[in-house]
Amino acid sequence: MSATVAARSSRVPFLIGAGLLVSLIVIGLVAGDSDSAQSGPPYSPSSTSGDGTRALVLLVRELGGDVRVGQRLPDSNTHLALLLHDGLDDDGRQQLEAWVSAGGTLVLADPESPLSPGTTGFSGSGRADRGTCDLTGIDDVSQLSVPFGIDLRVRAGAQSCFGDGRKAFVVRAPFGQGTIVTIGGPEVFTNAVLDEADNSVLAVRLLLPSESGSVAVLDPNPAGSGRTTLGDLVADRVFQAILQIGVAFMIYALWRSRRIGRPVTEPQPVAIAGSQFVRAVGGLQQRSRATDRAATTLRMDTRRALSDRFGVPLNMDTATLAELTATRTGLDRNRVAAALSDAP
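Bear in mind that the values here come from a model prediction, so they are computed numbers and not experimental data.

The rules behind each value
Sequence order sets the numbering: in each chain, residues are counted from 1 along the sequence as written. For a predicted model such as this one, the threshold for reporting local features is a pLDDT of at least 70, and the threshold for listing and counting side-chain atom pairs is 80 or more; totals across whole chains, interfaces and linings nevertheless cover every residue. Water and hydrogen atoms were dropped before computing side-chain values, which therefore reflect all heavy atoms in the structure. Classification of ring pairs uses Phe, Tyr and Trp, with its six-membered ring standing for Trp, and accepts pairs whose centres are within 6.5 Å; under 30 degrees between planes counts as stacked, over 60 as edge-to-face, and the remaining range as tilted. The numbering of helices and of strands both runs from the N terminus, where a helix is a DSSP run of H or I of at least 4 residues and a strand a run of E of at least 2. Residue exposure (1.4 Å probe, protein chains only): buried if accessible area is under 20% of the type maximum, exposed if over 50%, otherwise partly exposed. Residues adjacent in sequence count toward polar contacts only when both atoms are side-chain atoms; beyond that, a polar contact is any pair of N or O atoms within 3.5 Å, and within protein one must be able to donate a hydrogen and the other to accept it. Residues enter patches when their relative accessible area tops 30% and they take part in no salt bridge; the joining distance is 9 Å for like charges and 5 Å for the nonpolar side chains Val, Leu, Ile, Met, Phe, Trp and Tyr. Per-residue and other accessible areas were derived by the Shrake-Rupley procedure at a 1.4 Å probe size, with only the shown protein chains allowed to occlude residues. Salt-bridge detection follows one rule: a side-chain nitrogen of Lys or Arg within 4 Å of a carboxyl oxygen of Asp or Glu. In this description, contact between two residues means that some pair of their heavy atoms is separated by no more than 4.5 Å.

**Student:** Just to check I follow, could you spell out the packing of aromatic side chains for this structure?
**Tutor:** Per the counting criterion, the structure on display carries 1 aromatic pair. Ring plane angle 65° and centroid distance 5.8 Å describe the contact between Tyr252 and Trp255, whose orientation is recorded as edge-to-face. Of this pair, Tyr252 and Trp255 both sit in helix α5 (residues 236–257), 3 residues apart, which is roughly one turn of that helix. The class of Trp255 is partly exposed, set by a relative accessible area of 46%.

Written out as structure tokens, the structure reads:
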């Protein structure tokens, strides 16, 4: 009865640890699935998380604009495009430049893009006032909420706003027969701050200059292109769940490896010398008068010694081995054969 109770008690910690690990796995998977259903890559037009731009797409559509999403590059039927993050390669960027030079208007919200007029440093975060502004079409935009902004260099022949004329947060410059409007950060168009200050007004004035029109919101993270990695597509909660499982396993391992109390010394078996063991076996066979067993042991040892000495197989028949031994040693053949055979 006590052995059964002890066995059940030893299984209780294991069951508790296994239940804890299973619970953490389920919580991590559920949390990851709940986030992945609402989130997406940063600045993605299909993402409803704080750093997505789904609200921008819905706003322009609500005001009569024909918003096209999912395009990596604007087609020939598109005259205005928004690029939130320049993840294009050299070939794609050349095609985009050719599209602008042919008369297209590009609203570029990535100040680090090679198509940007260049940066002059960090402009800070918070509220950005209109400042010196000669940019037409945004007269009703007086203040922006900028979580993170970079000042752009205003070159000769360019128009600017939200700056001092030499550097600004919004710069419009001609490019061939088209125009590039560069903004010092895509965060002003994200879901988290689009409804703050005049961010939504600026978005509508740049993307929908007339009462109706079409605009292509280029996907900054299309599959198989850009700088998006596989790790960017995995929800943060999945990594957190894996970390929790690792911590739980370490705690469980430390708990199970700890021994309470002083070490217990266990009695070790007595080592018996080989010579004493042989002597004891021999004495036992002598007392039991096991002459046949002793003779068999002696014959096998003799055959093994002769086989090793003459370099012949151990399983050679007795007659051949006796003949070979008598020839090599000069002993009587019949006597040798009697000693090596299994007869009594």
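After that view, the rundown keeps rolling.
**Student:** For this particular structure, what's the right way to read the side chain of Ser47?
**Tutor:** Looking at the secondary structure, you find Ser47 in the loop between α1 (2–36) and α2 (54–62). A polar contact is formed between the side chain of Ser47 and the side chain of Ser49, at a distance of 2.8 Å.

**Student:** Honestly, a nonpolar patch on the surface in this entry has me stumped. Any pointers?
**Tutor:** On the surface, Ile272, Phe277, Val278 and Val281 cluster together to form a nonpolar patch covering roughly 400 Å² of accessible area. If you trace the backbone, Val281 turns up in helix α6 (residues 274–287).

**Student:** How should I be thinking about the side chain of Asn191 in this particular structure?
**Tutor:** Turning to its location among the elements, Asn191 is positioned in the loop between β8 (178–183) and α4 (199–207). Note on Asn191: relative accessible area 18%, which makes it buried. Within the structure, the side chain of Asn191 is placed 2.7 Å from the backbone oxygen of Ser49, a separation counted as a polar contact. There is a polar contact of 3.2 Å between the side chain of Asn191 and the backbone nitrogen of Arg54. Residues within four places of Asn191 in sequence aside, it is in contact with Ser47, Thr48, Ser49, Gly50, Gly52, Thr53, Arg54, Ala55 and Leu56.

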